[in-house]
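Below are the chains, spelled out letter by letter.
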Amino acid sequence: MKKNIYDYTLQALQKELEAIHQPAFRAKQLYQWLYTRYQDSFSDMANLPKSLRETLQNTYTIKNLEIIRMETSKDGSKKYLFKTNDGLSFESVLIKMRDKKCDTNGQIIESEKWTCCLSSQIGCKVGCAFCYTAKGGFVRNLSSGEIVEQVVQIKKDNAIAPEKRINIVYMGMGEPLNNMQNVIQAIKTLAELDGLSISPRRQTISTSGIAPKIIELGKHNLGVQLAISLHAVDNELRSKLIPMNKAYNIQSVIKAVRSFPVDERKKIMFEYLVIKDTNDDLASAKKLLKLLDGIRAKVNLILFNPHEGSAFERPDIAQVKKFADFLIRKGLLCTIRESKGIDISAACGQLREKELEKTS
Ligand code: SAH
Ligand code: SF4
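Residues numbered from 1 in each chain as written. Chains lettered and ligands numbered in written order. Predicted model: local features only at pLDDT ≥ 70, side-chain atom pairs only at ≥ 80, totals over all residues. Heavy atoms only, no water.

1. What to know about the site of ligand 2
By nearness alone, every residue bordering ligand 2 is listed as Cys124, Val126, Gly127, Cys128, Phe130, Cys131, Ala134, Gly174, Glu175 and Ser208. Class assignment of the residues belonging to the shell around ligand 2 gives a composition of 6 nonpolar, 3 polar and 1 charged. (Near = heavy atom within 4 Å. Nonpolar A, V, L, I, M, F, W, Y, C, P; charged D, E, K, R; others polar.)

Below is the structure:
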């Protein structure tokens, strides 16, 4: 069976090519074709010898994902539905963080800023009560190559220049720490200087809080950023929202976070999904402040995005602002996640759901 060419770090690819008596620089050339020129055909890699191109063609696959649907939001964010080689589908989002700014002569003074939101699994085992992805259960892990190729295809589809800096968040479908090995390999591959060159400092893993796996990830010392989906300040509510909280409660998650190595200029992000009349009161804000005491933390408030059949409601923005103001006045960095792509079913899993409905 052919192997996925995106499944290799540069060093691993060098080893592969060494085994067929190719010099080490060939791996760099191949990397440049894949990641800076987004070339998806081995036969068009002009500076590689013809015989090598043929060998590559017979040994590796280069197009493992197909874009089967794309929706653009009013704010310029784009949501992609990908199909895998085994006929499964999952989503990724290209989020526009900043618009292009031009002067009066039309000269660009500031270019767009992009973040890629990647999936790490098809479906998810964690089963959070508010999440669309959870509804379909767990299907399978994505390989590191399938994680990396999301970025390649999205950059290509949007003609984003190779040198353009983008950020990565593992906040699409799936729980990245339940697919840790492949996610770590993807982080390393995305960071290769001869490839996409996305430093781990610009990559953020978001986790629902599997305490022992947070500790394990910390030990790898990758320099990756960490986001914790906290969502609640007392265990009773958190266990309702995230069933796994019964095994790894708030205190055990916070303890694990304290062991995580954080760059001096960086902070750990705590995501807090604000749900109307459930966790949006100032008493919760006060408890949150206390919980995060002594941690270099920032809080990101996410407005619950309702979907069909969900028991929860979107909070009032005025109430969310009060919540944020309280934390800010107490000296905590706090942002409200803008509803990027809200008109295109922003919460991951919703586009896939639509496609499944259409085909069923
Ligand atoms: N499994 C990881 C990362 C992906 S979850 C985690 O839970 O952290 C994707 C993100 O979407 C999480 O931040 C989650 O809080 C958010 N999300 C899920 N359902 C949502 C909804 N209905 N409205 C708003 N955000 C939602
Ligand atoms: Fe999985 Fe994250 Fe959704 Fe929870 S919120 S079910 S952990 S993808």
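There's plenty left to go through after this.
2. Overview of the environment of Val151
Take Val151: it is sitting in helix α5 (residues 144–157). Distance from Val151 to Leu289, taken between C-alpha atoms, is 36 Å for residues 138 residues apart in sequence. Discounting residues that sit within four places of it in the chain, Val151 has contacts with Leu118, Ile166, Ile168, Leu190, Leu196 and Ile198. (Helix = DSSP H or I, 4+ residues; strand = E, 2+ residues; numbered from the N terminus. Contact = heavy atoms within 4.5 Å.)

3. Observations regarding the domain arrangement of the chain
One frequently used descriptor of interface size is the decrease in accessible area upon assembly of the parts. What the domain assignment reports for the chain is domain 1 (3–61) and domain 2 (65–359). Taking the mean C-alpha position of each, domain 1 and domain 2 sit 32 Å from one another. Contacts between the two partners involve 15 residues from domain 1 and, on the opposite side, 19 residues from domain 2. In this assembly, domain 1 packs against domain 2 so that about 1500 Å² is buried in total across both faces, 56% of it on carbon and sulfur atoms. Area buried by domain 1 at its contact with domain 2 is led by Tyr6, Tyr35 and Tyr38, which between them contribute 45% of it. Linking domain 1 to domain 2 there are 2 salt bridges. For Lys28, the salt bridge identified is with Asp194, shortest N-O distance 3.9 Å. The interface formed by domain 1 and domain 2 contains 7 residue pairs in polar contact (both at pLDDT 80 or more). (Domains from an automatic or database assignment. Buried area = accessible area lost by both parts, 1.4 Å probe. Salt bridge = Lys/Arg side-chain N within 4 Å of Asp/Glu carboxyl O. Polar contact = N/O pair within 3.5 Å; in protein donor to acceptor, adjacent residues only side chain to side chain.)

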